[in-house]
Amino acid sequence: IRKESKMEVNAKRAFELLNKLSFERVSCTAEETRTAEALLAEIDSFTWARSDIQREIEVFKASTGTVTAARLIVTEPYEKEYPVTAYLRSDSTPDDGLELELVYVENALPANLLGVEGKAVLVNGRFGFEAYGRIQKAKPAAIIGFTGNILDKDDETDHGICKIRETYTAEFGDNILVNLKAKDALEIVSKGAKKVKLFVSSTATEGESRNVCVTLRGTDLADEIVSFGAHYDSVLFSTGAYDNMSGSVIIMELLRYFAANPPRRTLKFNWFGSEEQGLLGSKAYVAAHEAELEKHRLMVNVDMAGPVLGSEHIFIMGDAPMKSYVEGMMNELGAAVVYHEDVYSSDGTPFSDKGIPAINFTRVNANGTGFIHDRRDALANGFLSADALGITLNLALEFSKRVVNAPIFPIERKISDSMRDKIDKYLFRKCNK
């Protein structure tokens with residue numbers, strides 16, 4: 001029987017740290033660096049005297065870009081300029097712009113894309129990987145998407161700034177890419193715009209992002225590793241309190257617990273940067289630590305917690321016996337949980353891609369009662385609480401205590417064929433190009 005110290009996790013303390021670190025923290029910015037340093041300082045505050053705990057910031061390169069100009073003017077059959085943002089890493093137009101015929105191609109299906117070579121195409125919403133491939137094959141001179149809602153008010157919403165990910169351009173090439181507001185896209189199509197003039201000045205760059213990494217060596221089963229992860233970056237315009245400083249403060253509490261209650265297995269705690277740009281931090285981590293990955297038995301990820309109105313969800317990336325094990329444990333705890341055997345779009349995925357099972361804890365807000373990826377993801381809006389955060393925190397703790405200290409590791413290091421297929425599709429290895 002293992003003795004535990006009197007140290008307990010504390011949702012109120014976690015929520016105080018959440019409040020302290022809720023500000024915009026975009027990939028490769030000074031604010032992201034500031035947050036990484038603040039997380040390390042918090043870790044140092046309770047581990048500074050511990051020689052058995054290693055902590056460091058690992059710097060990695062991440063793709064980004066700068067935009068100095070973006071304009072769109074409808075020239076026929078009427079004249080009007082609409083505000084646009086250029087995608088980060090977009091191509092640039094000549095200095096005097098490009099005047100192009102405009103075609104609304106809806107969802108960019110093959111029939112929509114007939115005869116669009118050399119023209120500007122307006123696509124519904126934000127285009128995904130497969131749609132981008134179809135569009136590029138049709139050879140338009142520019143691609144225009146839109147974000148938001150047709151009822152958005154300018155003083156209440158932000159004009160989305162998107163980035164074209166390198167996974168898209170590496171496969172299908174570059175183009176001139178701009179983003180409209182949804183209400184402006186509606187007007188453009190309703191009024192039958194036929195020609196536009198575009199001005200874009202954009203440069204693709206590479207910046208530095210950071211992972212905050214802690215190793216807590218195990219006692220008698222130290223050669224087996226369990227990883228814990230959460231991303232700490234946000235998107236533009238958002239404090240990222242829900243997505244995902246909430247997960248970051250939860251794994252901080254888990255580290256506090258296991259620092260006070262030495263685990264049998266070695267634990268790796270990682271706060272990942274640049275998740276919002278395509279899981280770049282966790283991808284960089286598994287690449288940098290490839291030599292040790294065979295020792296990793298499980299990855300525990302926490303992404304989004306704390307909404308007052310919501311429900312607990314667990315995403316399982318492993319095999320069927322893993323789901324049965326997790327479900328049985330949650331039943332033992334009397335926990336109300338919705339289970340998913342599916343890819344969760346977060347930092348557990350690069351680990352599962354390397355054959356390491358992953359479990360993702362999240363508290364999903366009830367419809368219309370929580371916000372991500374915009375200015376409304378903020379503590380001031382009152383949809384998050386310490387008590388609700390504590391629900392996910394305690395579920396993650398009880399699960400972790402059992403697996404970390406089990407005499408025989410209870411989850412097989414196995415990814416089922418069906419899960420492997422889902423991962424490959426998520427990572428764009430299997431798609432209709």
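An account of the accompanying structure is given in this report.

Basis of the calculations
Residues numbered from 1 in each chain as written. Predicted model: local features only at pLDDT ≥ 70, side-chain atom pairs only at ≥ 80, totals over all residues. Heavy atoms only, no water. Helix = DSSP H or I, 4+ residues; strand = E, 2+ residues; numbered from the N terminus. Rg over C-alpha atoms; globule rule 2.2 N^0.38 Å. Buried < 20%, exposed > 50% of the residue type's maximum accessible area, 1.4 Å probe, protein only. Contact = heavy atoms within 4.5 Å. Areas by Shrake-Rupley, 256 points an atom, 1.4 Å probe, with all protein chains shown as cover. Lys, Arg positive; Asp, Glu negative; His and termini not counted. Charge placed at Lys NZ, Arg CZ, Asp CG, Glu CD. Phe/Tyr/Trp six-rings, centres within 6.5 Å; stacked < 30°, edge-to-face > 60°. Salt bridge = Lys/Arg side-chain N within 4 Å of Asp/Glu carboxyl O. Axes fitted to C-alpha atoms, helices over the stretch in contact; angles between N-to-C directions. Parallel < 35°, antiparallel > 145°, perpendicular 65-115°, else oblique. Left-handed = near helix turned anticlockwise from the far one by under 90°. Nonpolar A, V, L, I, M, F, W, Y, C, P; charged D, E, K, R; others polar. Pairing = 2+ DSSP bridges. Right-handed = clockwise from strand over helix to strand, strands pointing away. Patch = residues over 30% accessible without salt bridge, like charges linked within 9 Å, V, L, I, M, F, W, Y side chains within 5 Å.

Scanning the chain for helices and strands turns up 11 helices and 14 strands. Taken over the C-alpha trace, the chain has a radius of gyration of 23 Å; the compact-globule value for 433 residues is 22 Å, and the two agree within 12%. Along the longest, intermediate and shortest principal axes, the C-alpha atoms of the chain span 80 × 45 × 35 Å. Burial statistics for the chain: of 433 residues in total, 56% are counted as buried. For the chain, contacts bridging at least 24 residues in sequence account for 81% of all contacts bridging at least 6. Accessible surface computed for the chain: about 18600 Å², of which carbon and sulfur atoms make up 49%. When the 52 basic and 63 acidic side-chain charges of the chain are each reduced to a single mean position, those positions are 2 Å apart.

What follows deals with unusual backbone geometry. Here the residue pair Glu 76 and Pro 77 is connected by a cis peptide bond, since its omega of 0° sits within 30 degrees of zero. Put simply, Asp 243 and Asn 244 share a cis peptide bond, and its omega is 5°. Checked against the element boundaries, Asn 244 lands in helix 6 (residues 241–260). Even without being glycine, Leu 279 reaches a positive phi, approximately 55°. By the secondary structure assignment, Leu 279 is in the loop between strand 10 (265–272) and helix 7 (280–288).

Overall, the coordinates contain 19 aromatic pairs when judged by the stated rule. Taking 6.1 Å as the distance between ring centres and 40° as the angle between the ring planes, the aromatic pair formed by Phe 228 and Phe 258 counts as tilted. You can see Phe 228 sitting in strand 9 (residues 221–231) and its partner Phe 258 sitting in helix 6, a full 30 residues away along the chain. Three or more aromatic residues joined by ring pairs form one cluster here, namely Tyr 87, Phe 127, Phe 129, Tyr 132, Tyr 168, Phe 172 and Phe 428.

Moving on, we come to the environment of Thr 157. Structurally, the position occupied by Thr 157 is in the loop between strand 6 (142–147) and helix 4 (166–172). The exposure class of Thr 157 is partly exposed, given its relative accessible area of 27%. Considering only alpha carbons, one finds Thr 157 and Asp 374, 217 residues apart in sequence, at a separation of 7.8 Å.

Glancing now at the pattern of salt bridges. In this structure the tally under the stated criterion is 30 salt bridges. For the salt bridge of Glu 224 with Arg 265, the shortest nitrogen-to-oxygen distance reads 2.6 Å. Linking Glu 224 in strand 9 with Arg 265 in strand 10, this pair joins segments that are 41 residues apart in sequence. By relative accessible area, Glu 224 is classed as partly exposed at 21%. According to the relative accessible area criterion, Arg 265 is buried, its value standing at 0%. Salt-bridge contacts for Asp 424 lead to Arg 420; the nearest nitrogen and oxygen are separated by 3.8 Å. Of this pair, Asp 424 and Arg 420 both sit in helix 11 (residues 417–426), 4 residues apart, roughly one helical turn. In this structure Asp 424 comes out as buried when scored by relative accessible area, which is 12%. Several salt bridges converge on common partners, so that one network encompasses Arg 13, Glu 42, Glu 253 and Arg 256.

A word on the packing of helix 1 (residues 11–20) against helix 6. Relative orientation of the contacting elements helix 1 and helix 6 amounts to 135°, with a least axis distance of 9 Å. Classified by the angle their axes make, helix 1 and helix 6 are oblique. In this structure, helix 1 meets helix 6 at a crossing whose hand is right-handed. Within the contact between the two elements, helix 1 uses Arg 13, Ala 14, Leu 17 and Leu 18 and helix 6 uses Ala 241, Met 245, Ser 246, Val 249, Met 252, Glu 253 and Arg 256. Of the residues belonging to the contact of helix 1 with helix 6, the class tally is 7 nonpolar, 1 polar and 3 charged.

Attention now goes to the pairing of strand 6. Most of strand 6 sits out of view: 6 of its 6 residues are buried. Residues Ala 142, Ile 144 and Phe 146 of strand 6 are buried on one face, and the alternating residues Ile 143, Gly 145 and Thr 147, pointing to the opposite face, are buried as well. Pairing of strand 5 (residues 120–122) with strand 6, which is carried by 3 bridges, proceeds in the parallel orientation. By the bridge assignment, Leu 122 is partnered in strand 6 with Ile 144. In this view, the connection linking strand 5 to its parallel neighbour strand 6 by way of helix 3 (residues 129–137) has right-handed handedness. On the question of chirality, the crossover connecting strand 6 to the parallel strand 7 (residues 176–181) by way of helix 4 is right-handed.

Below, the discussion takes up a nonpolar patch on the surface. On the surface, a nonpolar cluster with roughly 320 Å² of combined accessible area is contributed by Ile 150, Leu 151 and Leu 186. Looking at the element boundaries, Leu 186 is found in helix 5 (residues 182–190). A relative accessible area of 44% means that Leu 186 is categorised as partly exposed.

For the rest of this paragraph, the subject is the pairing of strand 14 (residues 358–365). Burial analysis of strand 14 places 7 of its 8 residues in the buried class, the great majority of the element. Taken together, the 4 bridges between strand 11 (residues 296–302) and strand 14 define a ladder with parallel strand orientation. Across the sheet, Val 302 pairs through a bridge with Phe 361, a residue of strand 14. For strand 12 (residues 310–317) and strand 14, the ladder comprises 8 bridges, and the chain directions are antiparallel. What sits directly across from Glu 312, in strand 14, is Arg 363.

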